[in-house]
Amino acid sequence: MRVRASPTIYEINTAAWLQRLGARYGRPVGLGDVPGSEWDALAALPVHAVWLMGVWQRSPIGRAVALGMPQLRAAYRSALSDVQDDDVLGSPYCVRDYIVDERFGGPDGLAAARQELAERDVALILDYVPNHVAADHPWVTDRWDYFLAGSDAELAAHPEEFMEIDGVVFAKGRDPYFEPWQDVLQLNAFSPALREAAADTVAAIGDQCDGVRCDMAMLMTNEVFARTWGERAGAAPEADFWPTLIARCRQAHADFLFMAEVYWDMEWTLQQQGFDLCYDKRLYDRLVHDEPASVRGHLQADGAYQQRLIRFIENHDEPRAAPTFGPARGRTAAVVMSTLQGARLYHDGQLEGFRTHLPIQLGRQPDEPSDPDLRSFYGRLLRATAGVRGCGDWRLCDCTTCSEDPHPQLVAWCWSNPQARHLAVVNLSPTDAKGRVRLPWRDLAGRTWGLADQLSEERFTCSGDELACNGLRVTLNGWGSRFLALET
């Protein structure tokens, strides 16, 4: 099925979710026998797509690495105090093969899950890891031309950067800014043969789902790959990796969604290379670390660019939102990500206020209490925004102080279409704020407007003449927010 524009996407750690369901129902649960009520609950949030993270076969060699690294074992104990070796499955991004792991129900289980989602008009997104594969992937035995090689001397001098498999030395997978990943081998993005095989792999994934989230997608661009590997990579091809691959896949799956995990301000580049959606990590960082003016400046980017960004405040790579932001600030951050242009990504457990960041190598998560007030808030937020985002005109609004200066704390934006108008206003500071929001609509005067806060039961009226002349007067507590519907 086609993933709608500006989708709401819900990420699930497949291993941990199935384990949790098994504990809840007192029996092993695979993707093929998830109770229908669980799929109903996801669809009712509402969401347009579910990203089942980590369904592919994991590597025994990768699991051994995951068990043997002291820093990872410390992270396991921090997240799961009673962790056992059986809880360690290995990284889902150390892929042995793009076949659904039997412990999750195998290919038939995934097909059944996809059908359940489709019956509820929810699309399915899976992972694709372009940069590297596990050391026991089938390509390792006979397709050495797909990989970057090393020498015996390099292995001896830098065992953290190279791995020997059956007498052949391979470079370990990496990005240009960090030490190599210890459980994977680096694919050669410049190899024509690898590019053909990668396109075939993604086309086969496309037979099983409606879109892919491409891990660390910018690593395969000619620019980044050449910078990372230098002379070892050889001369860059004339064409980049992604445009050809995406075009090939869409010959078989015309509506297939490509979603990029991307950093380093390369979102625009990957949009131009064919990606439908790209992570907006920069907005996340601004919300966590920067002043309100930084967020406002971010939202002044071109609208067509913003429509293809994915907003989030939590995913499997980032810390949990609840401890990162705190209660009031976390709700305002949720209002920001939920009411902007583009897609929005929610992470399983985010709506309940879970606080433990689970290492991706683990297949079990700790029992955590749900925050009923936060869950109720997210329920209202998702319902209130379901029919607003992506439907009509989005504009950033000017916010001023009483002396008409740009407001240092408030940021606001609005949506409008012939049927409805909505306004989001947030105070991105811990101190109370008063100011005015200038609305862009020219037909406000001459009538009385009702304003209904979609996140509370507050309702009030305002003169259209006052709105047109002076804007909407706003008072918000520290980290406060409103999402208002304007009604005549």
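The preceding data block contains the structure.
Here the structure is a predicted model, which means the values were calculated and not measured.

Enquirer: Please explain helix α12 (residues 281-289) as it appears in this structure.
Expert: The α-helix advances 3.6 residues per turn, and as a result positions three or four apart in sequence lie on the same side. Buried residues of α12: Lys281, Leu283, Tyr284, Leu287 and Val288, and no others. Down the axis of α12, the smallest arc covering the buried residues is 160°, so these residues share one side. Looking at the buried positions of α12, the neighbouring elements they touch are β12 (277-279), α13 (292-298), β13 (309-311), α15 (321-325) and α16 (327-339).

Enquirer: Is there a simple way to think about helix α9 (residues 222-229) in this case?
Expert: For α9, every residue scored as buried is listed here: Asn222, Val224, Phe225, Thr228 and Trp229. Where α9 is buried, its residues touch β8 (168-171), β9 (184-186), α8 (192-206) and α10 (241-252). Immediately downstream of α9, the backbone of Gly230 shows phi near 55°, a positive value.

Enquirer: What am I meant to see in the sheet that holds strand β2 (residues 49-53) here?
Expert: Two strands in a sheet stick together by hydrogen bonds in their backbones, pointing the same way (parallel) or opposite ways (antiparallel). Taking strand neighbours around the barrel as the criterion, the 8 strands line up as β1-β2-β5-β10-β11-β12-β13-β14 in a closed arrangement whose pairing is parallel. Averaged over all neighbouring strand pairs, the angle between strand axes comes to 30°, with direction disregarded. Note: β12 against β13, 2 bridges, orientation parallel. Opposite Tyr279, over in β13, you have Ile310 as the bridge partner. Across the sheet, helix α1 (residues 14-25) lies against β1 (8-13) and β2, angled at about 75° from β1, the strand it touches most. Sheet strands in contact with α10 are β5 (123-128), β10 (211-214) and β11 (257-260), and its direction is about 155° off that of β11.

Enquirer: Explain the pairing of β11 to me, please; I cannot follow it from the model alone.
Expert: Successive residues of a regular strand alternate their side chains across the two faces of the sheet. Burial along β11 is two-sided: Leu257 and Met259 facing one way and Phe258 and Ala260 facing the other are all buried. As paired elements, β10 and β11 share 4 bridges and run parallel to each other. Bridge pairing links Arg213 to Met259 in β11. Sheet topology note: the β11/β12 ladder contains 2 bridges and is parallel. Looking at the pairing, Ala260 lines up with Cys278 of β12. Note on the crossover from β11 through helix α11 (residues 267-272) to β12: the handedness is right-handed.

Enquirer: I'm lost on the sheet that holds strand β19 (residues 448-453) in this one. Help?
Expert: Reading across the sheet, the 8 strands line up as β20-β19-β22-β17-β16-β15-β18-β21 and stay open at both edges, with antiparallel pairing between neighbours. With partners counted over all chains shown, the strands left at the sheet margins are β20 (459-463) and β21 (472-476), one partner each. For this sheet the average axis-to-axis angle between neighbouring strands, irrespective of direction, equals 30°. Pairing of strand β15 (residues 393-400) with strand β16 (residues 410-417), which is carried by 5 bridges, proceeds in the antiparallel orientation.

Enquirer: Could you clarify how one ought to interpret the packing of aromatic side chains in this entry?
Expert: Aromatic ring pairs are reported here in terms of the distance separating the ring centres and the angle at which the planes meet. Applying the stated rule across the entire model yields 19 aromatic pairs. Where Tyr128 meets Trp242, the ring centres are 6.4 Å apart and the plane angle is 90°; that geometry is what we call edge-to-face. Remark: Trp242 occurs in helix α10 and Tyr128 occurs in strand β5; sequence separation between them is 114 residues. Comparing Tyr128 with Trp242, the two get one shared label, buried. Summarising the aromatic geometry, the rings of Tyr346 and Tyr378 are spaced 6.2 Å apart at their centres and angled 85° between planes, so their arrangement reads as edge-to-face.

Cut-off values and rules
- Residues numbered from 1 in each chain as written.
- Predicted model: local features only at pLDDT ≥ 70, side-chain atom pairs only at ≥ 80, totals over all residues.
- Heavy atoms only, no water.
- Buried < 20%, exposed > 50% of the residue type's maximum accessible area, 1.4 Å probe, protein only.
- Helix = DSSP H or I, 4+ residues; strand = E, 2+ residues; numbered from the N terminus.
- Arc of directions from axis to C-beta.
- Contact = heavy atoms within 4.5 Å.
- Pairing = 2+ DSSP bridges.
- Axes fitted to C-alpha atoms, helices over the stretch in contact; angles between N-to-C directions.
- Right-handed = clockwise from strand over helix to strand, strands pointing away.
- Phe/Tyr/Trp six-rings, centres within 6.5 Å; stacked < 30°, edge-to-face > 60°.

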